[in-house]
Number of protein chains: 2
Amino acid sequence: MLFRVDPTSTVPLFDQLAASVRTELARGTLRAGERLPSAREVAAALDINIHTVLKAYQELRDEGLIDLRRGRGAVVTESAGLPPELLAAVRALVVEARRGEVGVTTLTALIREEYSA
Amino acid sequence: MLFRVDPTSTVPLFDQLAASVRTELARGTLRAGERLPSAREVAAALDINIHTVLKAYQELRDEGLIDLRRGRGAVVTESAGLPPELLAAVRALVVEARRGEVGVTTLTALIREEYSA
DNA sequence: ACCTATTTGTCCGTATGTATG
DNA sequence: CCATACATACGGACAAATAGG
């Protein structure tokens, strides 16, 4: 098993697991389009509950790193090929947010609201 | 009880509950600094599981609408007084994202990344 | 300084639903 | 039709932070 968790740590298991997946993504062991082991497999291998694994996977999904779908599993998304204008707009927005002392959670909430409008 | 859910709906209970809280926030029934009823209370009143309520509360916390802390409960944050420049930057960003066919999860992930940098 | 009750956080277990292949 | 896999919901248990006496 690629991933590791330390049950004696004070860091929540699902956070440890999510961090472990992020590491593998960063080092390129896991690449875009590849499929992560099913939650049940990971749970069995690490001897933790399937819900704990699912919570870690959902955290990664919320970050846009993986795509979760029923019956299909967890697939690494390709966050590549992003338009440079978008990245510029992101930087400008964050500058504005910092100036207004607006937190990241509020900011992303605003984004979601505007996006669904 | 202020909040309502419909168990026969296909919409998840925790989403219904979170939406119900958002409505009360929007109409001003709940205001900044006020405390939401404890998860246990809500669960008992609506006859749903406490975990379902907690999940709804955590969803609201992720949106920056409430502040959750152990032993203290759920308190409405003050997300008022947002600078109009920020709102303009948000709209500009979302336009750019739509043009590039960038999903909302990817977008918020980019925001978080830039914000923590 | 201590104790107790309250409240959210985490984790495990189980069951059922739903989409995919 | 069937197996797989995530989604939701319920139940129980203990830990940790907070508030108040």
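Check the entry above for the structure.
Described in the following lines is the structure provided in the data block.

So, how was this worked out
Counting starts from 1 at the beginning of each chain's written sequence and moves along it residue by residue. Key to labels: chains lettered from A, ligands numbered from 1, both in the order written. Given that the model is predicted, a residue must reach a pLDDT of at least 70 before its local features are reported, and side-chain atom pairs must reach 80 or more before they are shown or counted; all residues, however, enter totals for whole chains, interfaces and linings. To get the side-chain values, take all heavy atoms of the structure and skip hydrogens and water. Two strands are counted as paired when DSSP detects at least two bridges linking them. The secondary structure listing takes helices from DSSP runs of H or I that are at least 4 residues long and strands from runs of E that are at least 2 residues long, numbered from the N terminus. Contact definition: two residues touch when any of their heavy atoms are within 4.5 Å. Lines fitted to C-alpha atoms define the axes here, with helix axes fitted over just the stretch in contact, and angles between the N-to-C directions of these axes take values from 0 to 180 degrees. Joining two parts hides part of their accessible area as seen by a 1.4 Å probe, and the buried area is that hidden amount summed over both. Salt bridge criterion: a side-chain nitrogen from Lys or Arg within 4 Å of a carboxyl oxygen from Asp or Glu. Under the rule applied, a polar contact is a pair of N or O atoms within 3.5 Å (in protein, one hydrogen donor and one hydrogen acceptor; residues adjacent in sequence only if both atoms are side-chain atoms). All amino acids are sorted into three groups, where Ala, Val, Leu, Ile, Met, Phe, Trp, Tyr, Cys and Pro are nonpolar, Asp, Glu, Lys and Arg are charged, and the leftover types, Gly among them, are polar. Think of it this way: one heavy atom of a residue within 4 Å of a molecule or strand is enough to make that residue near it.

1. Remarks on the pairing of strand β3 (residues 73-76) of chain A
All names here are of chain A.
Phase 1: Looking at chain direction, strand β1 (residues 35-36) and β3 are connected through two bridges and run antiparallel. Directly across from R35, in β3, lies its bridge partner V75.
Phase 2: Both strand β2 (residues 66-69) and β3 contribute to a ladder of four bridges, which runs antiparallel. Its bridge partner being in β3, R69 is matched across the sheet by G73.

2. A look at the sheet that holds β1 of chain A
All names here are of chain A.
Phase 1: If you trace the three strands from one edge of the open sheet to the other, you get β1-β3-β2, paired in antiparallel fashion. The outermost strands of the open sheet, each flanked by one partner alone, are β1 and β2.
Phase 2: Its contacts with the sheet place helix α3 (residues 50-62) against β1, β2 and β3, and it is angled at close to 125 degrees to β2.

3. Focus on the side chain of S20 of chain A
Phase 1: Turning to its location among the elements, S20 of chain A is positioned in helix α1 (residues 13-27).
Phase 2: Leave out the neighbours within four places in its chain, and S20 of chain A touches L2, F3 and R4 of chain A.

4. Some details on the interface of chain B and chain A
Phase 1: Contact with chain B, which involves 33 residues of that partner, is made by 34 residues of chain A.
Phase 2: Together chain B and chain A conceal approximately 3100 Å² of surface at their shared face, both sides included; 74% is due to carbon and sulfur atoms.
Phase 3: It is L86, I111 and Y115 of chain B in chain B that bury the most area against chain A; as a group they hold 20% of the surface buried on that side.
Phase 4: At the junction of chain B and chain A, the tally comes to zero salt bridges.
Phase 5: Here chain B and chain A share zero residue pairs in polar contact (both at pLDDT 80 or more) between them.
Phase 6: For the side of chain B that touches chain A, the secondary structure elements donating two or more residues are α3 (50-62), α4 (84-99) and α5 (104-115) of chain B.
Phase 7: Counting residues per element, the side of chain B that touches chain A draws most heavily on α4 of chain B, at 11 residues.
Phase 8: Here the side of chain B that touches chain A is composed, by residue class, of 17 nonpolar, six polar and 10 charged.

5. Some remarks on the protein's contact with DNA strand D
Phase 1: As a matter of local geometry, DNA strand D sits amid 25 residues, with L13, F14, H51, T52 and R70 of chain B nearest to it.
Phase 2: The sugar and phosphate moieties of DNA strand D supply 71% of its atoms located within 4 Å of the protein.
Phase 3: Between R70 of chain A and DNA strand D, the recorded distance is 3.0 Å, taken from a side-chain N or O atom to a sugar or linking oxygen.
Phase 4: With respect to DNA strand D, the side chain of T52 of chain B contributes an N or O atom lying 2.7 Å from a phosphate oxygen.
Phase 5: Among the secondary structure elements, those contributing two or more residues to the surface near DNA strand D are α2 (39-46), α3 and β2 of chain A together with α1 (13-27) and α3 of chain B.
Phase 6: Top element by residues in the surface near DNA strand D is α3 of chain A. It accounts for four residues.
Phase 7: Taken together, the residues that form the surface near DNA strand D break down as seven nonpolar, nine polar and nine charged.

6. Examining the protein's contact with DNA strand C
Phase 1: For DNA strand C, the set of nearby residues contains 24 residues, the closest of which are L13, H51 and T52 of chain A together with R70 and G71 of chain B.
Phase 2: Near the protein, meaning within 4 Å, the atoms of DNA strand C are sugar or phosphate in a fraction of 67%, with bases accounting for the rest.
Phase 3: Interatomic distance of 3.5 Å between a side-chain N/O atom of R35 of chain B and a phosphate oxygen of DNA strand C.
Phase 4: H51 of chain B is positioned such that a nitrogen or oxygen atom in its side chain is 3.3 Å from a base nitrogen of DNA strand C.
Phase 5: Those elements giving two or more residues to the surface near DNA strand C turn out to be α1 and α3 of chain A together with α2 (39-46), α3 and β2 (66-69) of chain B.
Phase 6: Grouping the constituent residues of the surface near DNA strand C by class yields seven nonpolar, nine polar and eight charged.

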